[in-house]
Every structure is written in C-alpha cells, then in structure tokens.
Amino acid sequence: MKKTTYKAYDEIVYKFTLRQRLDIYVLRKRRFAKTYVTLSAPLGSVHRRYKDESGAVRTVPPGVAHFLEHKIFERAGRDISADFSMDEAQINAFTDHHRTTYLFHATDKVFANIERLLEMCFYPDFSQDGVEKERNIISEELNMHLDDPHYRQFHGLLNNLYCEHPLREDILGTKESIDKVSVEDLRSMHEAFYQPEHAVVVVVGDVDPYVLEDYLDKRVTLPGRTFKEPLPPTLQEPAGVEREHQEERLDVLTPSLLLGVKLSPRLHGDKKARIREKIILSILLDLQFGRSSETYESMLESGLINDTFGLDIVYEDTYAHILAGSETNEPEALKQKLHDLLEQLPGKDAAFNKDDFERVKRRMVGSFLMGLDNLEALSQQFTSHLSHGVYFHDVLDLAQSISYEEVEAQRRRLDLSARSTYIVHPDK
Amino acid sequence: MELKIRQEPHATYHYLETRQFKTVEITLRFFDTLEPKRTTTRHLMLMMLRAKNRFAPSRKSLNRLLEHLYDTRLAAQSAKLGTAHVNQLTLSFVNPSIVGGADFFYRVLQLLKETLFHPVFDEKTLEEEKQFLKDYFKAEYAEKTRYAQKRFFEHLFEGHPYRLSPFGEPGWIDAVTLTDIKEAHARMIEENPVLITSVGDLEAERTHTMVKYDLAFAGNAELPDSFTIRTPFEPRGPRRESLKLEQDRLFMAFDSDVYHDDPDYFSMVVLSELFGGGSESLLFRRVREEASLCYHIGASFLPFSGLLTVHSAMKAQNVDLARETVLQTFHSLQQGDFTDRDLTLAKNSLITTIKQSYDHPRGLAALAARSQLFDAPFKEEERLQRIHKVEREDIQRAATRLSFIFTYVLGSEDA
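Keep in mind that what you see is a predicted model, and the values were worked out from it rather than measured.

Chemist: Explain the pattern of salt bridges here, please?
Modeler: Charged atoms that come close allow side chains of opposite charge to pair. Residue and element names in this part refer to chain A. Inspection of the entire model under this criterion finds 80 salt bridges over all chains. E191 is the salt-bridge partner of K228, the closest N and O atoms lying 3.3 Å from each other. Taken together, the positions of K228 in the loop between α8 (209–219) and β12 (229–231) and E191 in helix α7 (residues 183–193) put the pair 37 residues apart, joining distant regions of the chain. Assessed through its relative accessible area of 34%, E191 is described here as partly exposed.

Here it is, written out as structure tokens:
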C-alpha cells in the first residue's frame, strides 16, 4: 500500500495493486455517507483496432466502445443494475473518445458492490438476443443527439478542425455502423482492451483502504491474460484544419458561433511538462477571455456575446484543442473579433499584468479546494490526471510553482493559427 | 449534525455546523407571491444584484473581487416553490480556517452585505439583463426536450399560476422599468420573509452575531406556510405539435389529490420511483428493456400539484405503442402486479438518495429549509423510516388516487 499525504488540506491518497495487475486508488473522505467508485477501461470511440492471436490486425465498426458499454450490464439475459440497487448502489456508465468509465455511488455494502463491478467489467456475458435488442435503444440515443443543435455544432466543428483523426467520428457510431456491430466484435474488443493491467479503479469515500485490499484479495479472481492486443488509433493528423469555416441553418431562434483552435501538444516525452503546459494555457486564456477580463466585459457590453459565452481546453493523449463559443446576434462580427484576439494573443504586449496573474492563481486555489468536496468531480479529475502521470492533488503545487515570466514566455510561443469556426443560423 | 434555528424579529436563521466540507455556504431565500409581472421584475432585480454593487461597480470588478477571495461564488437563482416565488442568493467560499481565518470571513460577509443593500441599479445593466432573459427564453426552443416539456406544462397548466416560469414571462420583460426594479428590491429587503442558512465549519453563535448585525432585514418574520392549490385537473384530449425532429417527445400526466402534506405522500414518492424512477423501474424495464422502444423513460411526482408525469422520446411510429405500454404498466401497478423485489429496489433507490442528501452543503441547506417550511423531518433516521414503512397495499391505495388525464407529443413534421 502506497500512502500519499497532503497535509495542507487534509487529504490522503492510497494506492494498491490487486494481484499485481489492477491499480486501485482510494481517496479517503471521512464523514461522507456516499462512496463513489469508478472503473475506467482504456477503450474509447477512437479505438477501433486490435491484433488477434495470429497477429492479424482487425478493425471493428465505429461505435463499438459505446455498444460494449451498454452490453456489459447484461447478465443471463437481464440487466445487472438491479443487483447493485439491492445493495444500495446506483450504477451508470459513459464512453468518451479515449475511455469507458463505469461508476456507482453507494451508501452501503461498498465492498460487495466493488466486487460486483469488477466481475461485471471483467467477465461479460454477451448474447445475440441482447445485442439485437440494444440496436434500437442505441439508435434512439443517437436520434436524441441529432435533435440537439449544440451537439451538431460541436460535432461539425470537430469534423472541420481535424482532417484524419478518429475524433471526427461520433462516439455512438452511425445508424449503419450500429447495425453492423456483432457479438464477436464486442467479445474481441473486450478481450483486447479490458485487461486489468490497463484499467484503473478509483474509490472516493469513507473507506478503509487496508480493509478493502484484504477483502478484494480474498474474494476477487481476475481473468486470465489475453492474447489479443489493443492497438492505438491510426494517427496521421496534419497541422492544418480540414475546413476553416462552415455555416448551417437549424431549428433555433438565436444564432450561435463555435470557434476551435487545434493545438500541437507535446504528444511524447515528459507527461508532467504537458500538464504544466496545459495549466499555463488555461491561465493565459482565463486572463484573456475569462469573466473578469477586459475582453469579456467589452464583448458583453457591445452585445457580441451574452452570458452563454464559454471556453474549454481539451488536452488528451493524441490531440489538444481550445473551444470558445456563444449565442450571438452578430456571429460574423464575433467571429472576426475572436480571430483578431487570437492573432494578437502571442503578440508583443501582454493584456494583463502580474496582479491579474496572482488573482487568477488565487482563483485556482479556491476552485481546487472547493472541488475536493464534490466526490464525482474529484474522481473524474483524479482519473483524468492519472493519464497525465500526476495525482490531481499535485496540480495545486504545480500551479503555485508557475511564474508570471513562464506564462509570458509561453504566450509568446503560442501557435493559434489552426482555427475553424462553425455558425448556426435560425432556419426561418 | 444538529440543525440550530434562531428566530429573530425580521428573519429566520438556520445553522448547520460541520467539518465535513472545505466549502462554506450561506444561502438567503426571500419569499413572495407568483404573479407574472412581479416574478419577471424580481428575477431581473436578482440578476442585477449579482451583476454589480457599490463596492464593485462593474461586472468585471465584481468577478475580480470574487476571484481574489479564492474563487468565492455568488449564485443568484429564481425558484418556484409551489405557489411561492423564491429569490435565492448563495455565497460559497473556502472554509476560512484554510485560507485566512476571521478576516477572510469578514471580507466575504461584507461582499454579501454590499450585494444585498447597496446594488447599482442603472438603465444599462437593466437593458443587458433584459436581453439575457429574452435570450434565455429563446434558447429554450433550441433544446427540444426542454421545449417539449415547457409546452406540455403550458397545456396542462393553462390559466393556472403554476404555468409561470420562476424567471417570469417573456411578454412582461419590456414593461419592467428601473423604478419597478428599485421597488422590488425595497420590497424584498423590507417586506419579504427571509430564511438564512449557513452550512459548514462556522461556529453558530459567533456567526449569528455577525450575520444578524451585517444583514439587517426589516421584513416579515412569518415564513409562508401554504404552497399548494388543491384544484383538480380535468382530463383533456391528447395534443400533438410538430417541428423538424428525429425523435418524438412523449409526455403523459396522471392527476391525484395527494400533495406534500398528505398521509399518502411517502407512498406516492415510492410509487413514482417504482413506476419510473430509474433503470430498475417498471417503465424502464417494460418500455426500454423489453420492448426496445426508447433510450430513456422516467416518471416524476410533483408534490405541489399532485401530478405524476411520464417523459420519454422515441421514433414517431413507436409513440402509440409506447403510450399504450405506459398505460398498461400503470394499470398493472394499480392491480398490484409488481414483485416484492421491485418494491425493495424502489425503496433502496430512495434510501440511497436520502443518505446522499447530507453530503453537500446545498443539499443540507435545502433539507433545513424544507423541514422549516413543510414541517418535514430533517434527521436522516426519520426520513428513512417513512420510506421503510411504505408497504404494497400503500402503493396500491396511492395508485387508486391517480387518474390518467393528458398526453402531449412534440413530434416530427413528416410523421
């Protein structure tokens, strides 16, 4: 058992490895009634290839990761969710581009529920009948997204920002690909990607990690090693964008603009340097576009944006981008304004000073500390930061160590030239 | 955790001392009646309080001040509690003992004082907030499930005060003047009953002394005690409206005479969970898992109107079958056609939700408010007992008090 203590804010992270194969992290939160548990497998929508026992590379249809997530819950023709519920746990799951996460929150029998979660994820029970029935349910889930103009704008922008990256494909697949998914596809991808060595379990709650380790050690058998090999997505992504601008008419009343900037992150090498790079970028964008910036106030006062304006930075293993968007009655003018601001950002003079920088750092401290009260968000942040090679709890120290000069240096180096915009207009 | 209540001549104070959280939250709830213009004005006024004040006279300066105070968050929210309109302000901040002690708390409290008592009400801010509110109502149309729900309730509550959004009505926005805003503010401070709740690592007596001094209200201390209009809904014919959609949205309503203060209230809560509360519910199993008709389906009980509503979405050609399956499932529920395991699953789901409700400052503040306003239990054990006590015959009795009254479909134009 490895124990890491954060005395300044009274937090402890425990780590043990079950049967020397499955990493389990316990973030002990005393006095909480709820325990929140996640198991993440490294299979996302971008993963569509594996190597079989003969060494041949096999490709599955788009949407398999998400389809598999649905069918993991099947046991002997029924949904296993009810078994969790009988033990005071509510289970759910979600699939993103890079991983599939199964989660439950429980107020009793946490150990038994963790044992059931491991069994559910590592010993699936797919059936032909179950797969056939699920096609229509997933089709309806897809239809739900297709009626959502924000989703269509977001998906459309990703398609224009990237040229080859599998990020362009819908996480759910298409109506056609959902029809093509077979039981064999699910079994094979499960065997290749759901290996305990690649999965991570995070437990957040008032749980004694030593007792948990002992319990799981006595009760859990992990599956035998597989001979199928998970393959990463094929990546030949050029630096430029597929399309610089697109407009679409949809059934909305207010126009909106979404702008994306494709970044060229360090995809290899020191992971800590990458997370540092991400924090600096987020400070920079906060200073430039955040709600306390001159830019935000002037855009709001001139009516270019309204209070829906938002900004997001995504830094993953194989891609990174910035998204900014708002509802606006002047999408063309907002587009030009954002382009101008991004052109100027790496320029000679900073639009902010050291006081602004220190204030944003104080905001980060407060946000971090209050975030420790939200078990779901904490778990998500912790899992996400593990893939960057750090504990989420180390981010605060990392952020504190960043200097104004370092932010300034990165600002001047910024390459924000790979941009794409997507405007949605009302169709009547 | 003990709920300490301090009743003062002009306000009610709740204190929940706990070291569970790194966040402290102070919530103020001001109660008034739900009327179209008054509600629209109160919502705009509340948003203007959140925008700027004498100490921080611009949105930018207020946001900078909040950031400087370690990301202190000032949330303004208009809510509807039965027949009451509630203006709610919540200040969330880091436990002072971690970042600066008494001085930090004093500064946060001064910010709250400025927000409440020294707002900057000017034409420019009013026009901005009016535009944001108009944009908000327009944006409802873009999200088709939200829009369908809005239309469903508009038809259901035609001519009824429940129809009103807590943000007011679009038609009244332009009519609101700066004078109306100032009058609404004066009424809030000087006349509205107010409930103040503090949750976190703050010692009650000391905090009370400071809060009582700094937030000196002059309103009526009597909190409202009636939230329900006991008017039955008449059955009405099905309504279908159409837009360009991939998926039809289906809403159904069942009426009852069970409200939050009825002896059958907890039976109805369990019934709602059993019928359509989650992935173990009867509707989820029969409509989604067995018939593969939809991705999601759920039911909710509305304790101020006595309604049980069902919501789902599916292909146009499956709507009739889904509707029939919902009605069949309801009739079989009335006949007691569910297993003991089904009932245990529904109760377990509610038990889990109750236990978790003590794990967040905002949830605790809401629980304390509910216990005061509705004479509902605050302690976990008492709340759990009421769920445990519900038996099969209670569910059947509650089900007989429900009758189906309305179907609304927002469907695709080409169906």
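So that's the structure; there's more coming.
Chemist: So what exactly am I meant to see when it comes to helix α14 (residues 380–388) of chain B here?
Modeler: Every α-helix winds through 3.6 residues per turn, so residues three or four apart in the chain are directed the same way. Residues and elements named next belong to chain B. Looking only at α14, the buried set comprises R383, L384 and I387. On an axial view of α14, the arc spanned by its buried residues comes to 100 degrees, and they lie on one face. Packed against the buried residues of α14 are α9 (265–276), α12 (340–356) and α13 (361–374).

Chemist: So what exactly am I meant to see when it comes to the packing of aromatic side chains here?
Modeler: We describe a pair of aromatic rings using the distance from one ring centre to the other and the angle between the two ring planes. This model, assessed by the stated rule, comprises 38 aromatic pairs over all chains. Between Y6 of chain A and Y9 of chain A, the aromatic rings sit 6.1 Å apart at their centres with planes inclined by 10 degrees, giving stacked as the arrangement. Taken individually, Y6 of chain A and Y9 of chain A each receive the classification buried, so the pair is uniform in this respect. Where Y14 of chain A meets Y210 of chain A, the ring centres are 6.0 Å apart and the plane angle is 75 degrees; that geometry is what we call edge-to-face. Here the residue Y14 of chain A occupies a position in strand β2 (residues 11–18), and Y210 of chain A occupies one in helix α8, the gap between them amounting to 196 residues. Residue Y14 of chain A is classed as buried on the basis of its relative accessible area, which comes to 5%. For Y210 of chain A, a relative accessible area of 44% translates into the label partly exposed. In this structure an aromatic cluster arises from ring pairing among F152, F153, F157, F233, F251 and F406 of chain B. For the cation-ring pair, R116 of chain A lies above F84 of chain A, with the distance from its terminal atom to the ring centre recorded as 5.4 Å. A cation over an aromatic ring shows up here: R392 of chain B above the ring of F338 of chain B, its NZ or CZ 4.4 Å from the ring centre.

Chemist: Help me understand the interface of chain B and chain A in this model?
Modeler: It is common to give the size of an interface as the accessible area lost on bringing the parts into contact. Of the residues lining the interface, 62 residues belong to chain B; the matching set on chain A comes to 65 residues. Each partner contributes to the roughly 5,900 Å² buried at the junction of chain B and chain A, and carbon and sulfur atoms together form 49% of this total. When residues of chain B are sorted by the area they lose upon contact with chain A, K22, E67 and Y295 of chain B head the list and together hold 12% of the total. Here chain B and chain A share 14 salt bridges between them. Across the salt bridge formed by E88 of chain A and K355 of chain B, the nearest N and O atoms sit 2.9 Å from each other.

Chemist: Help me understand the sheet that holds strand β6 (residues 194–200) of chain B in this model?
Modeler: Strands in a sheet are paired, the pairing made by backbone hydrogen bonds, and the direction either parallel or antiparallel. All names here are of chain B. Taken in spatial order, the 6 strands of this open sheet run β1-β2-β6-β3-β5-β4, and their pairing is mixed. Only two strands of the sheet have a single neighbouring strand rather than two, namely β1 (3–8) and β4 (73–81). Each strand of the sheet is rotated relative to its neighbour by a mean of 15 degrees, with strand direction disregarded. For strand β2 (residues 11–17) and β6, the ladder comprises 6 bridges, and the chain directions are parallel.

Chemist: What is the right way to look at the domain arrangement of chain B in this model?
Modeler: All names here are of chain B. Parsing chain B into structural domains produces domain 1 (3–214) and domain 2 (239–412). On a C-alpha basis, the centres of domain 1 and domain 2 stand 30 Å from each other. Domain 1 puts 32 residues into the contact, and the matching count from domain 2 is 32 residues. Across the domain 1 to domain 2 interface the summed buried area is about 2,700 Å²; carbon plus sulfur atoms make up 73%. Counting the contacts that link domain 1 with domain 2 gives 2 salt bridges. Here E241 and R151 are joined by a salt bridge, their closest N and O atoms 2.7 Å apart.

Chemist: How should I be thinking about helix α7 (residues 178–190) of chain B in this particular structure?
Modeler: Residues and elements named next belong to chain B. The first and last C-alpha atoms of α7 sit 18 Å apart over 13 residues, in line with the 18 Å expected at 1.5 Å per residue. Residues of α7 that are buried: L178, D180, I181, A184, H185, M188 and I189. All buried residues of α7 fall inside an arc of 165 degrees around its axis, so they share one side.

Chemist: Help me understand the domain arrangement of chain A, please; the structure alone is not making it clear to me.
Modeler: Residue and element names in this part refer to chain A. Domains assigned within chain A are domain 1 (2–231) and domain 2 (245–426). Here the C-alpha centroids of domain 1 and domain 2 sit 28 Å apart. Between domain 1 and domain 2, the contact holds 34 residues from the first and 41 residues from the second. Both sides of the domain 1 and domain 2 interface together cover about 3,300 Å² of buried area, and 65% of this is carbon and sulfur. Where domain 1 touches domain 2, the interface holds 3 salt bridges. E316 is paired through a salt bridge with R99; the nearest N and O atoms lie 3.9 Å apart. Our enumeration of links across domain 1 and domain 2 arrives at 13 residue pairs in polar contact (both at pLDDT 80 or more). Those elements giving two or more residues to the side of domain 1 that touches domain 2 turn out to be β1 (2–6), β2, β3 (22–28), β4 (35–41), α5 (149–161) and β11 (200–205). Per-element tally for the side of domain 1 that touches domain 2: the top contributor is α5, with 9 residues. Among the residues forming the side of domain 1 that touches domain 2, the class breakdown is 18 nonpolar, 9 polar and 7 charged.

The rules behind the values
- Residues numbered from 1 in each chain as written.
- Chains lettered and ligands numbered in written order.
- Predicted model: local features only at pLDDT ≥ 70, side-chain atom pairs only at ≥ 80, totals over all residues.
- Heavy atoms only, no water.
- Salt bridge = Lys/Arg side-chain N within 4 Å of Asp/Glu carboxyl O.
- Helix = DSSP H or I, 4+ residues; strand = E, 2+ residues; numbered from the N terminus.
- Buried < 20%, exposed > 50% of the residue type's maximum accessible area, 1.4 Å probe, protein only.
- Arc of directions from axis to C-beta.
- Contact = heavy atoms within 4.5 Å.
- Phe/Tyr/Trp six-rings, centres within 6.5 Å; stacked < 30°, edge-to-face > 60°.
- Lys NZ or Arg CZ within 6 Å of the ring centre and 35° of its normal.
- Buried area = accessible area lost by both parts, 1.4 Å probe.
- Pairing = 2+ DSSP bridges.
- Axes fitted to C-alpha atoms, helices over the stretch in contact; angles between N-to-C directions.
- Domains from an automatic or database assignment.
- Expected span 1.5 Å × (residues − 1).
- Polar contact = N/O pair within 3.5 Å; in protein donor to acceptor, adjacent residues only side chain to side chain.
- Nonpolar A, V, L, I, M, F, W, Y, C, P; charged D, E, K, R; others polar.

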